[in-house]
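# Geometric and topological summary
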Amino acid sequence: MNIKLTNNYNSLEKINEFLKTKTQLEVSIVQDQWATDGELIITTKKKCILVKKSATAGAKINLLESNKIVINPVPPSNFINNMTQRGLLAVIVGAIISGGQNKIAQEVENHLLEIQDK
């Protein structure tokens, strides 16, 4: 889910503060540790916004350019994230928890549409 935000929201900090006023979910800026969209390597110095409902349901927001973001569903827990990376168990666990992750990602997108650049 790619969104271009208004120029007022050109940093993770500003987006983070906006989301904290819109949702009761846990919202924080963290080191990005999730490989998404076909990424094979995680850039350890990259930060993202993590929106977390539970250990299995969450979404991350990456800032692509000054005000363009991408939202991806992720499992916020390191343990669960590692479990969903490889093997048959990963496929089973991923299938079970993906619905909750997608729901959180959609909720985040709906909030951010309020500040979308039109």
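Residues numbered from 1 in each chain as written. Predicted model: local features only at pLDDT ≥ 70, side-chain atom pairs only at ≥ 80, totals over all residues. Heavy atoms only, no water.

### Focus on the overall build of the chain
The following threshold applies: Secondary structure elements follow DSSP: runs of H or I of four or more residues count as helices, runs of E of two or more count as strands, with numbering from the N terminus. Throughout, exposure labels follow a simple rule: accessible area from a 1.4 Å probe, protein chains only, divided by the maximum for the residue type, with under 20% read as buried, over 50% as exposed, and the rest as partly exposed. In this description, contact between two residues means that some pair of their heavy atoms is separated by no more than 4.5 Å. For every accessible area listed, the method is Shrake-Rupley and the probe measures 1.4 Å; residues are considered covered only by the protein chains on display.
Secondary structure summary: the chain contains 3 helices and 5 strands in total. Written out in order from the N terminus, the α and β elements of the chain read β-α-β-β-β-β-α-α. When each of the 118 residues of the chain is scored for burial, the buried share is 39%. Contacts spanning at least 24 positions in sequence make up 56% of the contacts within the chain whose residues lie at least 6 apart. Split by element, the accessible area of the chain, about 6800 Å² in all, is 52% carbon and sulfur.

### Quick look at the pairing of strand β3 (residues 47-52)
Walk down a regular strand and you will see the side chains alternate between the two sheet faces. Put simply, the rule is: Pairing between two strands is assigned when DSSP locates at least 2 bridges connecting them.
In the sheet, strand β2 (residues 26-31) pairs with β3 via 6 bridges, with the strands oriented antiparallel. Within the sheet, the bridge partner assigned to Gln31 lies in β3 and is Lys47. Counted between consecutive antiparallel strands, the loop separating β3 from strand β4 (residues 58-63) contains 5 residues.

### Here we look at the environment of Thr36
Among the structural elements, Thr36 can be located in the loop between β2 and β3. Among the residues examined, Thr36 registers a relative accessible area of 11% and is labelled buried. A C-alpha to C-alpha distance of 8.2 Å links Thr36 and Val74, two positions 38 residues apart in sequence. Sequence-distant contacts of Thr36, defined by excluding residues within four places in its chain, comprise Lys60, Asn72 and Val74.

### Quick notes on a nonpolar patch on the surface
To keep things clear, this is the line we draw: Residues enter patches when their relative accessible area tops 30% and they take part in no salt bridge; the joining distance is 9 Å for like charges and 5 Å for the nonpolar side chains Val, Leu, Ile, Met, Phe, Trp and Tyr. Salt bridges are counted wherever a side-chain nitrogen of Lys or Arg sits within 4 Å of a carboxyl oxygen of Asp or Glu.
The grouping of Leu88, Val91, Ile92 and Ile96 at the surface amounts to a nonpolar patch, some 440 Å² of accessible area in total. As for its placement among the helices and strands, Ile92 is situated in helix α3 (residues 87-112). With relative accessibility at 44%, the residue Ile92 sits in the partly exposed group.

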